[in-house]
Amino acid sequence: MVTSVYASQSLLLLVQPSCLKRRLPTSKKLIISSGSVFTIGHKSKSKQPMVTFRNSKRDANADFEAGKRLYLGMDFGTSGARYALIDEEGNILAEGKRDYSSFMNKEKVDLVQSWKKTLFSLLGDVPVSLRSNIASISVDGTSATTMIIDGKTGESLSKPFLYNDSCPDALPLVKSIAPENHTVCIGSSTLCKLVSWWNSCGSNKDSVVLLHQADWLSWLLHGKLGVSDYNNALKVGYDPEIDSYPPWLLAQPYSFVLPSVQAPGTPIGYMKEDVRTNFGFSENCVICTGTTDSIAAFLAARATQPGKAVTSLGSTLAIKLLSTRRIEDSRYGVYSHRLDDKWLVGGASNTGGAVLRQMFTDDQLEKLSEKINSSEASPLDYYPLLSVGERFPVADPDMQPRLHPRPESDVEYLHGILESIARIEAKGYNLLKDLGATPVEEVFTAGGGSKNDKWIKIRERVLGLPVHKALQTEACYGAALLAMKGSSLKGR
Ligand SMILES: Nc1ncnc2c1ncn2[C@@H]1O[C@H](COP(=O)(O)OP(=O)(O)O)[C@@H](O)[C@H]1O
Ligand SMILES: O=C(CO)[C@H](O)[C@H](O)COP(=O)(O)O
């Protein structure tokens, strides 16, 4: 079941210059009972007849252009999920977020159910009066988050393998079938997770489908099982350069479980009737293929020239450098995603915000960061990890976390951690240059860490490069741009 369609239209050309404007000045920012925050966009300036809508449920009142097409992007990250609803100019009309924790059953962490509940809760947070204008939806998720699915019911047959889970048991076999230093030759690759499951499950494997988190969530909306995109499928071995799974992978006994692959932002089908009627979406609402969270963050930053890069400072540190040359070397956890006719070279470290969140609340991070002297180098040398193992810029499953000695001052401690993460980021970009990628000349920042101006200053000093906060820092905005691309491909 292998087909591939490559949408030649460049996403970046679709995004109107006007969308380089900052966010819409919002007329309202409402906190609603579910804890989700959404903003209603400002009055449009166009000539179209204005339709004032009232959302009785949320007492929202904004003017809205009748018939205007909207695009919904949904980002499923490590700690929670977000949505952004944009118009054709890239203006944000509504946005919201949900933490998974509100759906976690403490005794049993049922991630799959929490993702599903979060998906439909977020859909329920989209302002009712805007839903019928939504022309398309795209979902991004964490990369290599692997699900073994019952091909008949769509239900998960095992616990999902998360993006940073590692299956070293499968590595020798994977290395024996894949080219040397191929992207899949790392314990956290999707292929290692598939092989590990295949070798351990024994039982009936006939109607099994492998899906990634974004694929499965999209299936809940369009109902067509077994479809992925060439970003999510990269780490199971899909080759976006030949638009196909390579022969060495198709020759494997488990190749029948592999999903079909299309370009990110490709229309897959209309929203399922039951979901559509339940939420009040249009019968023309199309669900498109998605991408991974850090690629969605790159798209959101709208970096369009080789040498521009985006660092996602989310729960993890993921770097993406736009390069004319494809680079791949699993010894360092370096791989290249395709972005139209260029390559997003990079990797994802296990360091990042999750380590910070273990020690400080977001409020403490903000207050402590204000006291940091970012122009001064911290003498502290840490390797901030939540647990043993690193993916990039060193692929070492046995790497130990290093967060001691801890100084008396929390300001100094945080400064040391932020600076140490910046050193890992710098090592990553230097490695990409050494491996032959287009040298980085400017870095945009996405993710939760992008709100930390002191950290941006520290990173500028450590990287020796201009570092900025991206105009749009949320991956869900990038997913919304993908939805817009898909809608144009559908000719809608
Ligand atoms: N002011 C801040 N400075 C540095 N990091 C921050 C700050 N505020 C939040 N974070 C970090 O941002 C991370 C959440 O970012 P987010 O992009 O939502 O992550 P993800 O989508 O990977 O779950 C948290 O781990 C948190 O520690
Ligand atoms: O760290 C992660 C979760 O946030 C993922 O690994 C991240 O998506 C990076 O993977 P990719 O480069 O394939 O997008």
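Residues numbered from 1 in each chain as written. Chains lettered and ligands numbered in written order. Predicted model: local features only at pLDDT ≥ 70, side-chain atom pairs only at ≥ 80, totals over all residues. Heavy atoms only, no water.

## Regarding the nonpolar core
Here is step 1 of the chain: Leu-414, Ile-417, Tyr-429, Leu-432 and Val-443 are the most contacted members of the largest nonpolar core, which has 43 residues in total.
Here is step 2 of the chain: Every element with two or more residues in this core is listed here: strand E16 (308-313), strand E17 (317-323), strand E19 (342-349), helix H10 (353-359), helix H11 (362-370), helix H12 (410-434) and helix H13 (453-463).
Here is step 3 of the chain: Per element, the largest residue contribution to this core is 12 residues, and it comes from H12.
Here is step 4 of the chain: The next biggest cluster of nonpolar side chains, apart from the first, holds 36 residues, and it includes Leu-111, Ile-149, Val-209 and Trp-219. (Core = buried A, V, L, I, M, F, W, Y, C linked by side-chain atoms within 4.5 Å. Buried < 20%, exposed > 50% of the residue type's maximum accessible area, 1.4 Å probe, protein only. Helix = DSSP H or I, 4+ residues; strand = E, 2+ residues; numbered from the N terminus.)

## With respect to the sheet that holds strand E9 (residues 134-141)
Here is step 1 of the chain: Pairing is mixed in the open sheet, where six strands are placed in the order E8-E7-E6-E9-E15-E14. Of all strands in the sheet, those bounded by a partner on one side alone are strand E8 (92-99) and strand E14 (267-270). On average, each strand axis in the sheet is tilted by 20° relative to the strand beside it, whichever way the strands run.
Here is step 2 of the chain: Of the strands in this sheet, strand E6 (70-76), strand E7 (80-87), E8, E9, E14 and strand E15 (286-292) touch helix H14 (residues 475-489), which is tilted by about 135° from E6. (Pairing = 2+ DSSP bridges. Axes fitted to C-alpha atoms, helices over the stretch in contact; angles between N-to-C directions. Contact = heavy atoms within 4.5 Å.)

## Considering the layout of surface pockets
Here is step 1 of the chain: Taken as a whole, the second largest pocket holds about 890 Å³ of empty space.
Here is step 2 of the chain: Lining the second largest pocket we find 44 residues, and of these Leu-162, Tyr-163, Asn-164, Asn-350 and Arg-391 sit closest to its centre.
Here is step 3 of the chain: Of all the secondary structure elements, the ones that give two or more residues to the lining of the second largest pocket are helix H2 (111-125) and helix H4 (171-177).
Here is step 4 of the chain: For the lining of the second largest pocket, a count of residues per class yields 19 nonpolar, 18 polar and seven charged. (1 Å grid on protein atoms, 1.4 Å probe; cavity = no way out; pocket = protein on both sides within 12 Å on 5 of 7 lines; lining within 4 Å. Points joined across faces, edges and corners; volume = space filled by probe spheres on them. Nonpolar A, V, L, I, M, F, W, Y, C, P; charged D, E, K, R; others polar.)

## Notes on the site of ligand 2
Here is step 1 of the chain: Ser-143, Asp-293, Ser-294, Lys-320 and Tyr-335 are the nearest of the 14 residues found near ligand 2.
Here is step 2 of the chain: Take Thr-292: an N or O atom from its side chain is 2.6 Å from an oxygen atom of ligand 2.
Here is step 3 of the chain: Contact between ligand 2 and Asp-293: an oxygen atom at 2.4 Å from a side-chain N or O atom of the residue.
Here is step 4 of the chain: Considering ligand 2 on its own, with 360 Å² of exposed area, one finds that the protein chains cover 97% of that surface.
Here is step 5 of the chain: Listing elements by their share of the shell around ligand 2, those giving two or more residues are helix H9 (293-301) and strand E18 (335-339).
Here is step 6 of the chain: Residue-level mapping places the shell around ligand 2 at the junction of two domains, with at least three residues from each of domain 1 (70-293 + 477-486) and domain 2 (305-470). (Near = heavy atom within 4 Å. Polar contact = N/O pair within 3.5 Å; in protein donor to acceptor, adjacent residues only side chain to side chain. Areas by Shrake-Rupley, 256 points an atom, 1.4 Å probe, with all protein chains shown as cover. Domains from an automatic or database assignment.)

## Notes on the domain arrangement of the protein
Here is step 1 of the chain: We note that the domain assignment places domain 1 (70-293 + 477-486) and domain 2 (305-470) within the protein.
Here is step 2 of the chain: Once you take the C-alpha centre of each, domain 1 and domain 2 turn out to be 25 Å apart.
Here is step 3 of the chain: Counting residues at the interface gives 20 residues for domain 1 and 18 residues for domain 2.
Here is step 4 of the chain: Both sides of the domain 1 and domain 2 interface together cover about 1700 Å² of buried area, and 46% of this is carbon and sulfur.
Here is step 5 of the chain: Viewed at the interface, domain 2 and domain 1 are joined by three salt bridges.
Here is step 6 of the chain: Across the pair Arg-338 and Asp-243 runs a salt bridge whose closest N-O atoms are separated by 3.9 Å.
Here is step 7 of the chain: The residue inventory of the side of domain 1 that touches domain 2, partitioned by class, reads six nonpolar, nine polar and five charged. (Buried area = accessible area lost by both parts, 1.4 Å probe. Salt bridge = Lys/Arg side-chain N within 4 Å of Asp/Glu carboxyl O.)

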